[in-house]
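# Examining the three-dimensional arrangement
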Amino acid sequence: MLQEESDLALIIAQIVQKLKGSNLYAQLERQAWASLQRPEIKLESLKEDIKEFFKISGWEKKLQNAVYSELNVFPLPSHPAAPPEHLKEPLVYMRKAQGSWEKRILKSLNSMCTELSIPLARKRPVGEQKELLNKWNEMGTDEPDLSLFRPVYAPKDFLEVLINLRNPNYENGDSHSFRTHLGLIQVPLKVKDIPELKEFFVELGLTAGQLGIDDSTQVPPELFENEHVRIGQKVLSEQDSAAAQQYIRQGSPTALRAELWALILNISSQPEVLLCFSRDTSVLGHFAYNSASPPKSYIRGKLGLEEYAVFYPPNGVIPFHGFSMYVAPLCFLYHEPSKLYQIFREMYVRFFFRLHSISSHPSGIVSLCLLFETLLQTYLPQLFYHLREIGAQPLRISFKWMVRAFSGYLATDQLLLLWDRILGYNSLEILAVLAAAVFAFRAVNLMEVTSLAAAEAVLADLSTLKVMPLLQIFLFATVT
């Protein structure tokens, strides 16, 4: 009990500290000072009167949404004396693997720069970088032209790193469940089984209404769709992020999706300066809870002198082949560039960064790969062993789907229904479940193939698949 209270106090203190540097804090402060001029604000009950003013004026709801947003991305509580790297990733071997992968990427990036005769860093100290951000969009070739760069790596390169990942302190024979895991991922992480997934995704159950199933032309709209739309409109009118997140677990009506996602991600309607993602230094903030670290470059001849160090790209994120697919689906929802960009940036720092960094997080790509393989081996063992025997390990096929959150593989309407659930559950685990469900759906055909190429051909086109029926059948109609 005391530990829980201590953890809560630590979380509150850290969230307050973070909010103090936000625009919302400045707005609340201005509103509080302005409210002192109102006749209903009394000196003897100042604190309660200002709280009541915030409540009736809508500012309390905005503060609640901001706190809820921070809680959704906040790292799990750790000991106050724990070093910062433990917040990024608690397991040492994961941190080392991520560090080695980063060195490999940076080596490729440096080789590319040498080939193109473009330096990564110019003679400008760190303090001048913010000032430069305002000028970069007007500068021609003074900074490296990102359009000249090809992707530094492909997802298949990253998969090979994950396949070789091992915990040096853990023998394969130490656990029966781990010893019998025959997939490519050989690290002892805890992942959910079907009963635990059923409990976690309870709102996706067979008895619950679902957009993606119950809005089909064969189902009268008065049975579910009309009421669901009405509730969605009420959620939006109340501007409650937590309610929106709960609501969207059953899917979002097309007409409400853009506003609901913005509410869940706590994106304001205020216009913002539109930056190239690679130059947006606010993205650097997510490295506090990301196992990765932003690549650092030094001015030539100044290696090791921190005042001559720069992050490059300025946002610290080196894109891979297919990276643009994280933003492509959002173009169907948002027509105003600034809003589209804010949504993409928030989706990235909440979710998508986990798909290309090495960590033990339940939504990290390592856990997703292990979850996918465990589900397939446990609940479709005959299919799993068959594919393994013919040299067609299932993960070699499904990895590209998961690392891109299925963008570019599913039809757009189905992808958006899937991403509804990612936002609703604040988890990427549904990607691994869907990947396993796709294999289950095509199991009969896959049992007849005799090579990896043939298996890939069976699973080459996912554009006709319906996401929600697949998920429901796999999770709630699978015998456990």
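Cut-offs used in this document
Residues numbered from 1 in each chain as written. Predicted model: local features only at pLDDT ≥ 70, side-chain atom pairs only at ≥ 80, totals over all residues. Heavy atoms only, no water. Helix = DSSP H or I, 4+ residues; strand = E, 2+ residues; numbered from the N terminus. Contact = heavy atoms within 4.5 Å. Areas by Shrake-Rupley, 256 points an atom, 1.4 Å probe, with all protein chains shown as cover. Axes fitted to C-alpha atoms, helices over the stretch in contact; angles between N-to-C directions. Parallel < 35°, antiparallel > 145°, perpendicular 65-115°, else oblique. Left-handed = near helix turned anticlockwise from the far one by under 90°. Nonpolar A, V, L, I, M, F, W, Y, C, P; charged D, E, K, R; others polar. Salt bridge = Lys/Arg side-chain N within 4 Å of Asp/Glu carboxyl O. Buried < 20%, exposed > 50% of the residue type's maximum accessible area, 1.4 Å probe, protein only. Phe/Tyr/Trp six-rings, centres within 6.5 Å; stacked < 30°, edge-to-face > 60°.

An unreviewed UniProt entry lists the protein under the name TBC1 domain family member 19 isoform X2, with Delphinapterus leucas as the source organism.

## Description of the overall build of the protein
Within the protein one finds 22 helices and 2 strands. When contacts within the protein are restricted to residue pairs at least 6 apart in sequence, those whose partners lie at least 24 apart make up 74%. Only carbon and sulfur atoms are counted for the fraction: they give 56% of the accessible area of the protein, which is about 24100 Å².

## Some points on the packing of helix α2 (residues 23–35) against helix α4 (residues 59–73)
In the contact formed by α2 and α4, the axes pass within 11 Å of each other and the chain directions differ by 155°. Judged by the inter-axis angle, α2 sits roughly antiparallel to α4. Where α2 crosses over α4, the two elements pack in a sense that is left-handed. Here Leu-24, Gln-27, Leu-28 and Gln-31 of α2 lie close against α4, whose contacting residues are Trp-59, Lys-62, Leu-63 and Ala-66. Of the residues in the contact of α2 with α4, the class split is 5 nonpolar, 2 polar and 1 charged.

## Points about the pattern of salt bridges
Within the structure shown, the criterion is met by 12 salt bridges. The closest approach of N and O atoms between Glu-196 and Lys-190, which form a salt bridge, is 3.2 Å. A salt bridge links Glu-238 to Lys-234, with the nearest nitrogen and oxygen atoms 2.6 Å apart. Taken as a pair, Glu-238 and Lys-234 lie in helix α11 (residues 225–238) at a separation of 4 residues, close to a single helical turn. By relative accessible area, Glu-238 is classed as partly exposed at 39%. Given a relative accessible area of 44%, Lys-234 falls into the partly exposed group.

## Observations concerning unusual backbone geometry
Residue Pro-313 follows Tyr-312 across a cis peptide bond; omega there is 0°. In this structure, Pro-313 sits in the loop between β2 (309–311) and α14 (337–350). If you check the backbone angles, Ala-405 has positive phi at about 55° while not being a glycine. Mapped onto the fold, Ala-405 is located in the loop between α17 (394–403) and α18 (412–425).

## Side note on the packing of aromatic side chains
For the structure on display, the rule yields 23 aromatic pairs. Taking 5.6 Å as the distance between ring centres and 45° as the angle between the ring planes, the aromatic pair formed by Phe-200 and Tyr-425 counts as tilted. Of this pair, Phe-200 sits in helix α10 (residues 194–200) while Tyr-425 sits in helix α18, and the two are 225 residues apart along the sequence. For Tyr-425, a relative accessible area of 5% corresponds to the buried category. Where Trp-401 meets Phe-439, the ring centres are 5.8 Å apart and the plane angle is 50°; that geometry is what we call tilted. Of this pair, Trp-401 sits in helix α17 while Phe-439 sits in helix α19 (residues 429–441), placing them 38 residues apart in sequence.

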